[in-house]
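Below, each chain spelled out in residue letters.
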Amino acid sequence: MAQPRHDAPTPPMRMGGRNPIGATRIEKARDPRTTLVRLAAYLAPFKWALIGVIVLVVLYTLLGLMGPYLMGVAIDRFIIGKDPTGLARMSLLMLAVYMGANLLQVAANWSMAIISQRALQKLRDDLFAHIQNLPLQFFDTHSAGELMSRLTNDIDAINQAVSQNVISLVASVLTMVGIVVVMFLLNHWLALATLLVVPIMFWFTQFVAKYTRRGFRALQKSLGEMNALTEEMISGARVVKAFRRSESAEAEFRARNNAVYKAGISANSYALLLMPLTNVLGNFFVIVLAGLGGWLALGGLATVGTIATFINYGQNFIQPLRQLANMYNSIQAALAGAERVFEIMNIPGEVADAPDAVRLDAIRGDVCFDGVDFAYVPGTPVIRGMSLSARAGQTVALVGPTGAGKTTLINLLMRFYEIDSGSIAIDGHDIRDVRKDDLRRQLGIVLQDTFLFSESVLENIRYGRLDATDDECIAAATLADAHHFIMQLPQGYQTELSERAANLSQGQRQMLAIARAILADPAILILDEATSSVDTRTEARIQQALLRLMQGRTSFVIAHRLSTIRDADKVVVIHNGVIEEEGSHQSLLDAQGFYYQLYQSQFKGQQI
């Protein structure tokens, strides 16, 4: 019987899923031992449960090893001895042994599934939490599709190996060791013949390992790039259709898909050689045992039952080797996936709060930039010696050509990036000396490209302050002049938004963003081109909502439209990373400097 089975220049953006930095790292030679050690750390909390699983594996492996031995006994004692009663008892015993082995195997597999899923749940949590803690520049060079691939494809590859193959690996090794021991106890000549196949098999496995692991690493990388492209094309479907690029998108996807196909062929070609080879070796092994066993039987050195036992053990010895061959694909994919996961987890997170970081509770809203220098890429400064201040309650307009550094200043104030030199202070506190959560709690931001989640309108507003009541959310929407259009939606505030709120207009999305900022009640407000994408009439409505939001708050406004700039307390003109001019709107026009030139080229003739 068979044995039981087992706005300023930023770092280069990723285009189409390419990541030169990440790709280089993935292609480097890796140390699988380090990867295995890190994976094992996620199983360590379940060591006692794992010991229990191993005990179950040992028990069902031992029971499985008893089967061929009992069969040999049945042949020598009861079949040759013509004892039907004894044969019936032995048959029942063999049935009980194999049933017990299978039941124990089911229990071991079920237990291992629970352990592996808990460990992988922790790994996914750690990976996602680490991604959330990564600095903003990381997301400038990694696409969402690639990160999704690491959270799904790579974790799934690990899952396949851990949940399904750990037990099989242990059982296979125990089976082979147990068979060798029993064989030598029964007949050392036949045992020696059995071991002839072992070095051949292990040599071939080691030879294939070098190529299969490299192939599966390339396959996981190609899958990540294809997923990145897919995510980009689906998210940008409107742009693709508007510019009639469906065919080129399909062509690029076919190219990526073809790369996955080629990587898959390369990864599996060597690995798939293992199965047919083990079949050939298994058949050859049976022939050797039958021939040698028959010769020994003729000489009286072995019994028929012993030969039958050896042939059965020989087949069961090849079976674990076949299982190892089957597991090899999964193990190599898991190692490649684990390397990609840990590659992300090795990237340093945001600069942590200083050990003596102070709390920043209620603030007035005084902001001071003092000699700030910053560069995204070392040696290429974006902000140079920037010094500017805003008193509490003031509205400061940041003006300048594209790429001047306006948005970069906001990113530095939010501590999305760390300055290279100088200081930024709020109410006299250097922002590097306060807790980031407290800092960002005091800052509210309304962007040109509003991001809304695929949840209800109410929950998107509540994102500004998660403990807000429904009435507070509705009050914020009313102040943002959004209540009227919300009530016209199919389910009002409970209307579910589609991905990126595509079922709302740009102006409606902006109003919800303003409502969210009103609910957050920040002391310092940042408006980054908040009305540049809407028509004049909608802008007027949004502007009224913004004025209500800005009242009593320090506000930084990045805008090109005079409706926002004219009423600012201070206009700061930024050019090539330095402050070119600053003053009121009218004083800068009277000076006829750089701001005046901007006005003449962009704003002259516009009605305010």
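Residues numbered from 1 in each chain as written. Predicted model: local features only at pLDDT ≥ 70, side-chain atom pairs only at ≥ 80, totals over all residues. Heavy atoms only, no water.

> Explain the confidence of the model for the protein chain residue by residue, including any values.
Taken over all residues, the pLDDT of the protein chain has a mean of 79, while the share at 70 or more is 85%. Ranking the elements of the protein chain by mean pLDDT puts helix α1 (residues 20-27) last, at 32, and strand β1 (residues 367-374) first, at 93. Across residues 1-29, confidence stays below pLDDT 50; counting only partners more than four residues off in sequence or on other chains, it has 89 contacts. (pLDDT = per-residue confidence, 0-100. Helix = DSSP H or I, 4+ residues; strand = E, 2+ residues; numbered from the N terminus. Contact = heavy atoms within 4.5 Å.)

> Give a description of the side chain of Ser555 that names residues and reports values.
Here Ser555 shows up in strand β8 (residues 554-558). Here Ser555 falls in the buried class, since its relative accessible area comes to 0%. With sequence-adjacent residues up to four places away left out, Ser555 is seen in contact with Gln394, Thr395, Val396, Leu525 and Met550. (Buried < 20%, exposed > 50% of the residue type's maximum accessible area, 1.4 Å probe, protein only.)

> Can you tell me about the environment of Glu459, naming the residues and giving the values?
Looking at where Glu459 falls in the secondary structure, it is placed in helix α15 (residues 457-462). In sequence terms Glu459 and Gln494 are 35 residues apart; their C-alpha atoms lie 8.3 Å from each other. Engagement of the side chain of Glu459 in a polar contact is seen with the side chain of Arg462, the distance being 3.2 Å. (Polar contact = N/O pair within 3.5 Å; in protein donor to acceptor, adjacent residues only side chain to side chain.)

> I'd like a rundown of the sheet that holds strand β5 (residues 429-430), residues and numbers included.
The pairing of strands in a sheet happens through backbone hydrogen bonds and is either parallel or antiparallel. Read from one edge to the other, the open sheet built from four strands follows the order β2-β1-β4-β5, with strand pairing classed as antiparallel. The sheet terminates laterally at β2 (383-390) and β5, the two strands that pair on one side only. Judged from the five bridges that link them, β1 and β2 form a sheet pairing that is antiparallel. Directly across from Phe374, in β2, lies its bridge partner Ile383. Packing against the sheet, helix α13 (residues 406-413) makes contact with β1, β2 and β4 (421-426), and its axis sits at approximately 110 degrees to β1. (Pairing = 2+ DSSP bridges. Axes fitted to C-alpha atoms, helices over the stretch in contact; angles between N-to-C directions.)

> Which residues make up the sheet that holds strand β7 (residues 524-528), and what values do they have?
Sheet architecture is open: six strands sit in the order β6-β7-β8-β3-β9-β10, paired in mixed fashion. The open sheet has two edge strands with one neighbour each: β6 (443-447) and β10 (578-583). Each adjacent strand pair in this sheet contributes to an overall mean axis angle of 20 degrees, direction not counted. As paired elements, strand β3 (residues 395-399) and strand β9 (residues 570-575) share four bridges and run parallel to each other. Residue pairing in the sheet places Ala397 in a bridge with Val571 of β9. Relative to the sheet, α13 contacts β3, β6, β7, β8 and β9, its axis offset from that of β8 by approximately 145 degrees.

> Residues and numbers for the layout of surface pockets, please.
By volume, the second largest pocket amounts to about 750 Å³. If you trace the second largest pocket, you find 31 residues lining it, with Leu36, Leu39, Val166, Leu169 and Ile331 closest to the centre. Going through the elements one at a time, α2 (32-43), α3 (47-79), α4 (84-132), α6 (144-186), α8 (197-235) and α12 (304-345) are the ones with two or more residues in the lining of the second largest pocket. With eight residues, α6 is the single largest residue contributor to the lining of the second largest pocket. (1 Å grid on protein atoms, 1.4 Å probe; cavity = no way out; pocket = protein on both sides within 12 Å on 5 of 7 lines; lining within 4 Å. Points joined across faces, edges and corners; volume = space filled by probe spheres on them.)

> Talk me through the nonpolar core; I want residue IDs and the actual numbers.
Of all hydrophobic cores here, the largest spans 35 residues; its most connected members are Leu413 and Phe556. Listing elements by their share of this core, those giving two or more residues are β1, β2, β3, α13, β4, β7, β8 and β9. Counting residues in hydrophobic clusters, the runner-up holds 34 residues, among them Val457, Ala480, Leu489 and Ala517. (Core = buried A, V, L, I, M, F, W, Y, C linked by side-chain atoms within 4.5 Å.)

> So what's going on with the pattern of salt bridges? Residues and values would help.
According to the stated counting rule, one finds 19 salt bridges in the structure shown. Because the salt bridges share partners, they merge into one network encompassing Arg359, Asp361, Arg435, Asp438 and Arg441. (Salt bridge = Lys/Arg side-chain N within 4 Å of Asp/Glu carboxyl O.)

> Got a sec to walk through the packing of aromatic side chains? Specific residues and values, please.
In the structure shown here, the tally under the stated rule is six aromatic pairs. Considering the side-chain rings of Phe451 and Phe453, the 5.1 Å spacing of their centres and the 75 degrees angle between planes classify their relative orientation as edge-to-face. On the basis of relative accessibility, which here comes to 30%, the residue Phe453 falls in the partly exposed class. One aromatic cluster is present, built from ring pairs that chain together Phe374, Tyr376 and Tyr417. (Phe/Tyr/Trp six-rings, centres within 6.5 Å; stacked < 30°, edge-to-face > 60°.)

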